[in-house]
Amino acid sequence: MTKQVALVGGSGKLGTIIRQVIDELEGFEVTRVLTSSSALSELDGVDLVVDASTPQVSVDVVRAAVERGINVLVGTSGWSAERIALMRPLVEAAGTGAVFIPNFSLGSVLGSVLSAAAAPFFSSVEIVEAHRDTKIDSPSGTAVRTAELVAAARSEQGPVSAPHTDQRARGQQVASVPVHSLRRPGVVARQDVILSGPGETLTVTHDTVEPAQAYAPGIRLAVPYAAEAQGIVVGLENMIDIGIKARS
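Residues numbered from 1 in each chain as written. Predicted model: local features only at pLDDT ≥ 70, side-chain atom pairs only at ≥ 80, totals over all residues. Heavy atoms only, no water.

K.L.:
Break down unusual backbone geometry for me, citing the residues and quoting the values.
P.N.:
With an omega dihedral of -5°, the bond running from Ser 138 to Pro 139 counts as a cis peptide bond. Considering the arrangement of structural elements, one finds Pro 139 in the loop between β6 (124-131) and α5 (141-153). Within the chain, Ala 175 stands out as a residue other than glycine whose phi angle is a positive 55°. Note that Ala 175 resides in the loop between β7 (172-174) and β8 (177-183). Note on Ala 175: relative accessible area 36%, which makes it partly exposed. Look at Ser 176: it is not a glycine, yet its phi comes out positive at around 80°. Mapped onto the fold, Ser 176 is located in the loop between β7 and β8. The class for Ser 176 is buried, based on a relative accessible area of 18%. (Helix = DSSP H or I, 4+ residues; strand = E, 2+ residues; numbered from the N terminus. Buried < 20%, exposed > 50% of the residue type's maximum accessible area, 1.4 Å probe, protein only.)

Next up, the structure:
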């Protein structure tokens, strides 16, 4: 039986890619496309909600889906661990699933997990992320997720060494990790995780060159997974076996 999908933010860059993938995905059909200003009552009766809206609207979309007993896949940026934690009681009470994907790119997920795996061996970790100048939020959801994974991986060693973070030019601390956001034309998405120790530096870099091609494999994994998920799941790394376990 084909599952009916409501796609919120379907006319945006990410939403357009998600719709193209779902249109080719067996067993799923986008039956409703909502904008950020659509009435959330339009979610009634679908089997899965996919949210690619804006950070300001996303929380209402997730709450509306969960309250209706509908599983939700969230690709919208801006969901920190603290913000997701606020949704946990609601999701558990409803007995539904809410899957949050900071980045649908498999390469990006690998970069974040590799950075977390290396983090216990380096006292200093900083993140520089760059996106096109039209991206409305910073730091990016990918950078936030990476910083949270790094902090979790360093639970025994403690926070990273980040001197002079009282100065604005030192970036925003996320889970003790300084994050520096660039917003400029001529770039799609890039993240550098710079890990430093005595006498050496390791840099883990991921570049998104063509978003549709980069995100499609992850979307194909995430949509069926989200339709059957229970509880809250964060990150595409939960759907693939890359042989490295990152604490979350």
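K.L.:
Please set out α5 residue by residue, giving values where relevant.
P.N.:
For α5, with 13 residues, the first-to-last C-alpha span of 18 Å sits near the 18 Å given by 1.5 Å per residue. Burial analysis of α5 places 12 of its 13 residues in the buried class, which makes it a mostly covered element. Among the residues of α5, those classed as buried are Gly 141, Thr 142, Ala 143, Val 144, Arg 145, Thr 146, Ala 147, Glu 148, Leu 149, Val 150, Ala 152 and Ala 153. (Expected span 1.5 Å × (residues − 1).)

K.L.:
Tell me about empty space enclosed by the protein, and please be specific about residues and values.
P.N.:
Scanning the model with the defined rule gives 4 cavities of 30 Å³ or more in all. Taken as a whole, the largest cavity spans an internal volume of roughly 130 Å³. Lining the largest cavity are 17 residues, and of these Ser 108, Thr 142, Arg 190, Gln 191 and His 206 lie nearest its centre. Secondary structure elements with two or more residues in the lining of the largest cavity: α4 (106-118), β6, β9 (189-197) and β10 (200-208). (1 Å grid on protein atoms, 1.4 Å probe; cavity = no way out; pocket = protein on both sides within 12 Å on 5 of 7 lines; lining within 4 Å. Points joined across faces, edges and corners; volume = space filled by probe spheres on them.)

K.L.:
How would you sum up α4? Please name residues and give values.
P.N.:
Structural remark: α-helix, 3.6 residues per turn; residues separated by three or four positions point the same way. Between the first and last C-alpha of α4 there are 18 Å, a value that for 13 residues agrees with the 18 Å anticipated at 1.5 Å per step. Three or more residues of α4 are buried, namely Ser 108, Val 109, Gly 111, Ser 112, Val 113, Ser 115, Ala 116 and Ala 118. On its buried face, α4 is in contact with α5, β9 and β10. (Contact = heavy atoms within 4.5 Å.)

K.L.:
So what about the layout of surface pockets? Which residues, and what values?
P.N.:
Within this model, the largest pocket holds a volume of roughly 820 Å³. Around the largest pocket, the lining is made up of 33 residues, and of these Lys 13, Leu 14, Ser 77, Lys 135 and Asp 137 lie nearest the centre. The set of elements that each furnish at least two residues to the lining of the largest pocket consists of α1 (13-23), α5 and α6 (211-228). Looking at the lining of the largest pocket, the element that brings in the most residues is α1, giving 4 residues. Class assignment of the residues belonging to the lining of the largest pocket gives a composition of 12 nonpolar, 17 polar and 4 charged. (Nonpolar A, V, L, I, M, F, W, Y, C, P; charged D, E, K, R; others polar.)

The values reported here are purely geometric and, on their own, carry no functional implication.
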